[in-house]
Amino acid sequence: KRRDRSPTRIGTPPPARPSAPGASTAMQLKVALPSGEVTVPVEPNSTPGMLKENLKYSLRVPPKLIKLTCDGRELDDIKPLVAEPNNLKDGDIIIAVAREGAAPEEVIKQAESKPPAQTMIRKEEPPKPKVVKKDVVRPILAEGDVVKKKTIEPGYQAWKPQFVEGKHPTRHLAFIRVEAVEDKKRYPEQEETSMVFALGDPQTSPVWTAAVLQMEVGEKAEFQMPKKAVDFDSEGLLPSDSCSTWTVELLRMAEAIDVEQDYRQLLHIESSGGKERAEDLDGVAVHWRVRRWMAEGMFCIASSRERIAIMPGYGLVPIEDQNAPPVTIAVGEGQQEAVEMIAMKCGPGGKGHMYLKTEALKGNRPQGCVVIDVEVVAMDPCRGPGSAGWKGWQSLMVERETGDQWLEEADGRRKQLETFGTLRKSTGDSKDAEAHVSSQVHKFAKNAARRYLRAVKWIEADDQEDRKTKLEKCTLQIRLAKSSTLAHQRFGEAGEAEANGEEKVAIQEALEILKQVLVTAEGLKNDGLVYECLKMNLQVCIQGQDVDQARKVLETLLTMRPEDDELKSDSARINRLEGVLHLKRGASTIETVQKDLQAAVIAEDTPKVTDCVQKLHDMIKGGEVTWDTVRTLKVGKDVGNAMKMGDPDIAALARKVVGEIQSLATRAGIGL
């Protein structure tokens with residue numbers, strides 16, 4: 001089964017169900033539940049069976065044990081709402097109850113008297129806006145600024161502060177509840193939750209660290225604090241009310257890993273789970289949840305358990321279904337970095353929490369400060385022949401298909417960049433977007449290359465020499481060559497520059513792989529594989545700016561399939577590359593001639609000056625240099641100095657050079 005390998009954003013809602021609100025053709029139905037009545041929008045072609053999927057969360061019974069009736073007749077689960085025999089119309093009332101025998105009588109009565117609590121997902125909960133203040137310097141406390149006035153409830157456990165000052169891989173997390181006594185305002189707003197912060201965090205007010213340092217776990221005490229010192233919190237993690245008297249309750253303390261030792265990524269492992277740990281590219285089944293991290297409360301804003309429920313008083317709302325199956329992630333692919341990081345630290349049954357500041361791990365997650373909770377359910381550690389998850393050819397095909405999907409994603413974005421490049425020149429506004437897409441190309445291609453490389457190693461470890469295995473290995477190697485070079489490919493203006501060291505190594509390795517594939521393909525007498533290998537070789541040669549070798553490979557391909565239109569495009573690319581390289585050589589040459597001219601003018605060497613000016617004229621007129629090169633080098637200035645020597649022949653020749661420079665500038669101005 002093909003799996004979608006496109007980037008997954010944590011917090012992105014699932015596709016809308018047929019009964020999703022906001023649909024333009026939806027009709028309104030009233031659903032009468034034991035706990036109340038609710039109006040919901042539904043698609044006319046949806047079925048009562050679909051509606052039951054949303055109602056199971058309110059009635060707390062499986063869909064098959066829900067009975068839907070209208071005007072005394074039971075609705076048919078599989079027929080559309082508006083069709084026979086249901087015949088529902090806008091405004092009809094549906095009565096929803098649990099069938100007799102679905103649950104003990106006392107359970108049903110309890111459900112009727114009090115609706116069961118559900119964890120609602122508050123997607124609309126925005127990050128707390130940052131308050132711009134003139135004074136952004138963290139206050140410094142003097143001795144006696146934070147004073148414990150009285151202990152309201154004694155603590156039960158002492159603790160030792162160790163990781164408060166300076167850089168450190170470990171931090172103390174304090175879980176607290178506070179109340180502004182003068183304003184009678186409590187934080188957080190949710191009664192059963194707590195605020196969380198790291199002691200010594202430079203982005204929070206030092207008053208809270210000072211208070212916690214004077215407390216035992218379980219203690220509740222009243223503190224006197226300077227108002228100005230309280231009013232500092234650049235991320236909104238703790239209160240900043242203008243209040244001097246606060247009640248602080250220290251619920252518990254925990255240790256967290258400070259990933260970058262800057263308080264921006266704090267990893268708290270609640271339970272480590274089993275001994276087994278995920279390795280690179282292992283599949284891990286997890287439940288994840290995203291919560292806001294702010295003083296007002298840590299509300300759930302996204303979840304892998306998200307489902308749509310019909311709730312009295314709310315209508316259609318997203319909730320967490322505790323019976324939802326886990327989702328599978330691949331560790332190390334970088335799509336959900338926080339989730340992957342926790343998955344590598346915990347075994348099955350383990351739980352972890354990643355506390356992220358606004359600028360930490362920003363990709364594929366909601367904006368602002370968030371907490372990502374992860375429960376590791378199980379692992380699928382397929383690591384090749386001999387490993388527990390090895391299923392032979394099936395495992396190999398899954399690995400190749402995963403690589404194919406990543407390569408397809410990378411190739412799609414590469415085409416976006418190339419299309420954009422042909423439409424217009426990059427501007428300041430577009431360069432950031434191009435850089436982002438370029439980074440995606442590299443990331444996805446790298447993921448594909450890792451999959452192909454692993455599959456090749458598996459084939460080699462399995463040590464099979466039949467034709468089918470050889471063909472599969474060749475296919476994998478060709479795609480490995482493509483993805484490994486694409487992972488370093490340059491785009492836009494950078495595409496004309498020389499490859500860096502890493503790209504050169506990748507190109508050389510790809511050529512070596514393709515050389516092996518060509519030998520194997522010729523031995524198997526598979527012309528299609530030979531052709532595919534040579535086409536890939538051509539692309540690698542073009543990327544490596546090896547024009548001569550690219551032309552040789554192109555000639556071979558044309559003899560094999562002269563009707564292939566793609567070869568015409570490749571020929572045009574080679575011609576453009578040759579022109580670019582010609583201009584680069586011209587830029588180097590004109591700089592040398594310019595320096596010779598400067599020396600000759602100083603030495604008043606008339607024959608040498610004449611020779612240099614003539615060379616400049618021929619190069620500019622012959623199109624061997626660009627306007628950008630001439631302008632950057634300020635060639636016109638040196639030509640003007642030659643004119644000032646007083647020699648009429650040099651002056652006449654120099655005027656011709658100036659004319660060619662002006663023509664070059666004009667052509668560049670209109671894009672020629």
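This text follows the structure it describes.
Cut-off values and rules
- All residue numbers refer to position in the chain's written sequence, counted from 1.
- Whole-chain, interface and lining totals are the exception, using all residues; otherwise, since this is a predicted model, local features are given only for residues with pLDDT of at least 70 and side-chain atom pairs are given and counted only at 80 or more.
- Side-chain numbers here rest on the full set of heavy atoms in the structure, without hydrogens or water.
- To qualify as a nonpolar core, a set must consist of buried Ala, Val, Leu, Ile, Met, Phe, Trp, Tyr and Cys residues joined through side-chain atoms within 4.5 Å.
- The buried label goes to any residue with under 20% of its type's maximum accessible area, the exposed label to any with over 50%, and the partly exposed label to all in between, with areas taken from a 1.4 Å probe on protein chains only.
- Numbered from the N terminus, helices here are DSSP runs of H or I no shorter than four residues, and strands are runs of E no shorter than two.
- Note on contacts: a residue pair qualifies if any of its non-hydrogen atoms lie within 4.5 Å across the two residues.
- Within 6.5 Å between ring centres, the rings of Phe, Tyr and Trp (the latter by its six-membered ring) count as paired, and their orientation is classed by plane angle as stacked under 30 degrees, edge-to-face over 60, tilted in between.
- Cation placement over rings: the criterion is NZ of Lys or CZ of Arg within 6 Å of the ring centroid and within 35° of the ring normal.
- In this analysis an axis means a line fitted to C-alpha atoms, helices contributing only their contacting stretch, and an angle means the value between N-to-C directions, from 0 to 180 degrees.
- Convention used here: angles under 35 degrees read as roughly parallel, angles over 145 as roughly antiparallel, angles from 65 to 115 as roughly perpendicular, and any remaining angle as oblique.
- Here is the rule for handedness: rotate from the far helix to the near one, and if that takes an anticlockwise turn smaller than a right angle the crossing is left-handed, while a clockwise turn gives right-handed.
- Charged means Asp, Glu, Lys or Arg here, nonpolar means Ala, Val, Leu, Ile, Met, Phe, Trp, Tyr, Cys or Pro, and polar covers whatever is left, Gly included.
- The rule for a salt bridge is simple: a side-chain nitrogen of Lys or Arg has to be within 4 Å of a carboxyl oxygen of Asp or Glu.
- When DSSP finds at least two bridges between two strands, those strands are taken to pair.
- Cavities and pockets are defined on a 1 Å grid built over the protein atoms alone: a cavity is a set of grid points where a 1.4 Å probe fits but cannot escape, while a pocket is an open set with protein on both sides within 12 Å along at least five of seven lines, and lining residues are those with an atom within 4 Å of any such point.
- Grid points are joined across faces, edges and corners, and a volume is the space filled by probe spheres set on the points.
- Counted as a polar contact is a pair of N or O atoms within 3.5 Å, where, for protein atoms, one must be capable of donating a hydrogen and the other of accepting one, and residues adjacent in sequence contribute only when both atoms are in side chains.

> How should the nonpolar core be read in this particular structure?
One broad rule of soluble globular proteins: the nonpolar side chains tend to lie buried together. Within the largest apolar cluster, 50 residues are counted, with the highest numbers of intra-cluster contacts made by Ile478, Leu486, Leu514, Leu538, Leu557 and Ile574. Elements with a minimum of two residues in this core: α6 (393–423), α7 (428–462), α8 (467–486), α9 (501–523), α10 (527–543), α11 (547–560) and α12 (566–603). Ranked by residue count, the leading element in this core is α7, at 11 residues. When sequence neighbours within four positions are dropped, the list of residues in contact with Ile574 reads Leu538, Ile542, Val547, Ala550, Arg551 and Leu554.

> What exactly am I supposed to notice about the packing of aromatic side chains here?
How two aromatic rings sit relative to each other is set out by the distance from centre to centre and by the angle between their planes. Evaluated as defined, the whole model comprises 4 aromatic pairs. With a centroid separation of 5.2 Å and 85° between ring planes, the pair formed by Trp208 and Trp246 is classed as edge-to-face. Linking Trp208 in helix α3 (residues 206–212) with Trp246 in strand β11 (residues 245–258), this pair joins segments that are 38 residues apart in sequence. Here Trp208 and Trp246 have matching classes, each one buried. Judged by centre distance (5.2 Å) and plane angle (70°), the rings of Trp293 and Tyr355 are edge-to-face. Of the two residues, Trp293 sits in the loop between β13 (283–292) and β14 (300–303) while Tyr355 sits in strand β18 (residues 351–356), which places them 62 residues apart along the sequence. When the ring centre of Trp393 is taken as origin, the NZ or CZ atom of Lys468, which lies over that ring, is 4.2 Å away.

> I keep staring at the packing of α8 against α9 and nothing clicks. Help me out?
Interhelical geometry of α8 versus α9 gives an angle of 160° and a closest axis separation of 9 Å. With respect to α9, the element α8 is oriented roughly antiparallel. Between α8 and α9 lies a crossing whose hand is left-handed. Here α8 contributes Cys474, Gln477, Ile478, Leu480, Ala481, Ser484 and Thr485 to the contact with α9, which in turn contributes Ala506, Ile507, Ala510, Ile513, Leu514, Gln516, Val517 and Thr520. Tallied by class, the residues present in the contact of α8 with α9 amount to 10 nonpolar, 5 polar and no charged.

> Any chance you could explain the pattern of salt bridges here in plain terms?
Summed over all chains, the structure comprises 33 salt bridges. Among the salt bridges present, the one from Arg291 reaches Asp373, with a minimum N-O distance of 2.7 Å. A residue pair is termed long-range when its members are at least 10 positions apart, and Arg291 in strand β13 and Asp373 in strand β19 (residues 370–380) qualify at 82 residues. A single burial state applies to Arg291 and to Asp373, both of which are buried. Across the pair Arg451 and Glu399 runs a salt bridge whose closest N-O atoms are separated by 3.2 Å. Of this pair, Arg451 sits in helix α7 while Glu399 sits in helix α6, and the two are 52 residues apart along the sequence. Judged by its relative accessible area of 5%, Arg451 falls in the buried class. One salt-bridge network, held together by shared partners, links Arg289, Arg291, Glu320 and Asp373.

> Please explain the pairing of β13 as it appears in this structure.
Remember that side chains alternate between the two faces of the sheet whenever the strand is regular. By the criterion of burial, β13 is predominantly enclosed, with 9 of the 10 residues buried. Where β13 and strand β17 (residues 327–330) come together, 4 bridges link them in antiparallel fashion. Residue pairing for β17: Val284 is matched across the bridge by Ile329. Taken together, the 10 bridges between β13 and β19 define a ladder with antiparallel strand orientation. Residue pairing across strands places His287 opposite Glu375, the latter belonging to β19. Summarising the sheet, β13 and β14 pair through 3 bridges and their orientation is antiparallel. Within β14, the position partnered with Arg289 by the bridge is Ser303.

> Teacher, can you tell me more about helix α5 (residues 337–345) here?
For an α-helix, 3.6 residues make a turn, and residues three or four places apart therefore share a direction. The set of residues buried in α5 consists of Ala338, Val339, Glu340, Ile342 and Ala343. Those residues of α5 hidden inside the fold are in contact with β12 (265–271), β13, β17, β18 and β19.

> Whenever I open this one, empty space enclosed by the protein confuses me. Can you help?
Think of a ball as big as a water molecule: rolled over the atoms, this probe shows where empty space is left. Considering all chains together, one arrives at 2 cavities of 30 Å³ or more under this definition. Of the voids in this model, the largest cavity is the one considered here, and its volume is about 50 Å³. Lining the largest cavity we find 10 residues, and of these Gln336, Glu337, Ala338, Leu361 and Gly363 sit closest to its centre. Here the lining of the largest cavity is built from residues that sort into 4 nonpolar, 4 polar and 2 charged.

> What am I meant to see in the packing of α9 against α10 here?
The geometry of α9 relative to α10 is characterised by a closest axis approach of 9 Å and an angle of 165° between their N-to-C directions. For the element pair α9 / α10, the angle class is roughly antiparallel. As for how α9 packs across α10, the hand of that crossing is left-handed. In this structure, α9 uses Glu503, Ile507, Ala510, Leu511, Leu514, Val517, Leu518, Ala521 and Glu522 to contact α10, whose residues at the interface are Leu529, Val530, Cys533, Leu534, Met536, Asn537, Val540, Cys541 and Gln543. In terms of residue class, the contact of α9 with α10 is made up of 14 nonpolar, 2 polar and 2 charged.

> How do you make sense of the side chain of Ser304 when you look at a structure like this?
Here Ser304 shows up in the loop between β14 and β15 (306–311). Taking relative accessible area as the criterion, Ser304 reaches 11% and is therefore assigned buried. For Ser304, the contacting residues outside a window of four places in its chain are Val286, His287, Trp288 and Val327.

> What is the right way to look at the pairing of strand β1 (residues 27–33) in this model?
In terms of burial, β1 is largely enclosed, as 5 of its 7 residues are buried. With 7 bridges joining them, β1 and strand β2 (residues 36–42) adopt antiparallel strand pairing. Looking across to β2, one finds that Val31 is bridged to Val38. Bridge count for β1 against strand β5 (residues 93–98) is 3 bridges, and the pairing is parallel. Bridge pairing in β5 places Val31 opposite Ile94.

> Honestly, the environment of Arg277 in this entry has me stumped. Any pointers?
Following the sequence through the fold, Arg277 ends up in the loop between β12 and β13. For Arg277, a relative accessible area of 29% puts it in the partly exposed group. Through-space distance from the C-alpha of Arg277 to that of Ala343 is 8.0 Å; in sequence the pair is 66 residues apart. Not counting chain neighbours up to four residues away, the residues in contact with Arg277 comprise Ser272, Met344, Lys345, Cys346, Gly347, Met379 and Arg383. Polar contacts involving the side chain of Arg277 include one to the main-chain carbonyl oxygen of Lys345, which spans 3.2 Å.

> What should I look at first to understand unusual backbone geometry in this one?
Among all residues except glycine, the phi angle is most often negative; among peptide bonds, the trans geometry is most common. At the junction of Glu84 and Pro85, the peptide bond is cis and its omega measures out at 0° in the coordinates. You can see Pro85 is positioned in the loop between β4 (73–74) and β5. For the peptide bond that leads from Tyr187 to Pro188, omega is -5°, which places it in the cis range. Structurally, Pro188 can be placed in the loop between β8 (185–187) and β9 (195–198). The phi angle at Tyr263 is positive, at roughly 70°, despite the residue not being glycine. You can see Tyr263 is positioned in the loop between β11 and β12. Note on Tyr263: relative accessible area 5%, which makes it buried. Although it is not a glycine, Leu281 adopts a positive phi angle of roughly 75°. Relative to the helices and strands, Leu281 resides in the loop between β12 and β13. Taking the relative accessible area as the measure of exposure, Leu281 reaches 7% and is therefore buried.

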